[in-house]
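Results of the structural survey
The lines below spell out each chain.
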Amino acid sequence: PRTDCIAAEQLCLSDSTCNATYRILENCAVAKTRLLPLDHDSRVRCLNAELDLGNSSLLHCKCHRRMKRQEHCLRIFWTVHSSVTDGYFSLETSPYENPANEEHWKTDYNKLAALLSGKDCSQLSGDTTNPCLKASHVCNLSKKCVRLRTDYASICTKGAGSEDTCDRRKCHRGLRNFFEKVPEDFTKRILFCPCQDELCGERRRKTIVPNCSFQYNTKPNCLWLLDSCLEDHICKSRLADFQQYCQPADMSPDGCSQHNHAACLQAYMGMIGTPMTPNYVSNSSVEISLWCTCESSGNQKEKCDQILGMFESNKCL
């Protein structure tokens, strides 16, 4: 099994050669984060340092989605892989362990895939019940679920709709806490409850308190949203995960290059609570989008459309 990046870093720092190489990569990553231009020699030194790691466990380490010190682990991963972070479509490798290797996810996500394909809706929806309301009642049965849901709801509702008083950063952190720490048997019911009417759809759309977590007063350009994401280790990691597992493939019968809808849904959930938080766009459909526009993108319009299209018109998702 792959070493997690925190353990790999400790091993590397105890070896003088690896330690020296790693310090070079740390400087390279800092320069990149601060958008400091690197001259030719510096770029070569950074690439050579990455190559010098060779078969080091650092080069092949991964992080777990619900691990403690997740941000620290992800910082290590992107320090070692800083040369592949030039843009959205070069985020080819997810820093997270393969979902199939994380036992606590595997069973739940197979159930979730079945739920969304309509094979297992009976446990959530009844003829006379609002499934999203029922999902809230199920959450109330768990102390952790109701506590963390109340936490993010109170943070995200405070001053929602006003740029001056809604603390979007805290709201996003509360949402991530909820989706990471609450058993997913509760969170998936709330986020993916199957609706037949607009009353249910409205409740589902408002699950993440979109006035604070999703919407701005005006829609920013999607490239601005992307830049905000790439500056944040968690968002960049979730985006890489999303791109890997939700990459559409026109020639594939199921529309997915990885043939794994369950992993794609998991990656979608991971995007909630980041600067690129997606949400349902209406009360009457399951269409989702980012809160951004590609107007005024100039010669980067094609790139912008690709980013927005990964959410709006993605057959895999």
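Cut-offs applied
Residues numbered from 1 in each chain as written. Predicted model: local features only at pLDDT ≥ 70, side-chain atom pairs only at ≥ 80, totals over all residues. Heavy atoms only, no water. UniProt positions renumbered as here; feature names shortened; annotations may be inferred. Core = buried A, V, L, I, M, F, W, Y, C linked by side-chain atoms within 4.5 Å. Buried < 20%, exposed > 50% of the residue type's maximum accessible area, 1.4 Å probe, protein only. Helix = DSSP H or I, 4+ residues; strand = E, 2+ residues; numbered from the N terminus. Contact = heavy atoms within 4.5 Å. 1 Å grid on protein atoms, 1.4 Å probe; cavity = no way out; pocket = protein on both sides within 12 Å on 5 of 7 lines; lining within 4 Å. Points joined across faces, edges and corners; volume = space filled by probe spheres on them. Nonpolar A, V, L, I, M, F, W, Y, C, P; charged D, E, K, R; others polar. Disulfide = S-S within 2.5 Å.

- An unreviewed UniProt entry lists the chain under the name GFRA4 protein, with Pluvianellus socialis given as the organism.
- The chain has a UniProt comment under Subcellular location (unreviewed entry) that states "Cell membrane".

**A look at the nonpolar core**
- Counting 50 residues, the largest nonpolar core has F178, F242, M276, L290 and F311 as the members making the most contacts within it.
- Contributions of two or more residues to this core are made by α6 (131-139), α7 (143-157), α8 (168-181), α9 (184-191), α12 (222-230), α13 (233-245), α14 (261-271) and α15 (301-312).
- If sequence neighbours within four positions are ignored, M276 has contacts with L225, L226, C229, C235, L239, M271, L290, I307 and F311.
- With 22 residues, the next largest nonpolar core counts C5, M67, V80 and Y96 among its residues.

**What about empty space enclosed by the protein?**
- Counted by the stated rule, this structure contains three cavities of 30 Å³ or more.
- H172, S213, F214, Y216, L225, P275, T277 and W291 together form the lining of the second largest cavity.
- Classifying every residue of the lining of the second largest cavity by side-chain character gives five nonpolar, three polar and no charged.

**Looking at the state of the cysteines**
- On inspection of all chains with the given rule, the structure shows 14 disulfides.
- Note on cysteine connectivity: C28 is disulfide-linked to C46, with sulfurs 2.0 Å apart. The sign of the S-S torsion, about -95°, decides the handedness of the disulfide formed by C28 and C46: left-handed. Placement of C28 in helix α2 (residues 16-33) and of C46 in helix α3 (residues 40-52) is noted, with a sequence separation of 18 residues between them. As far as the burial class goes, C28 and C46 line up, both buried.

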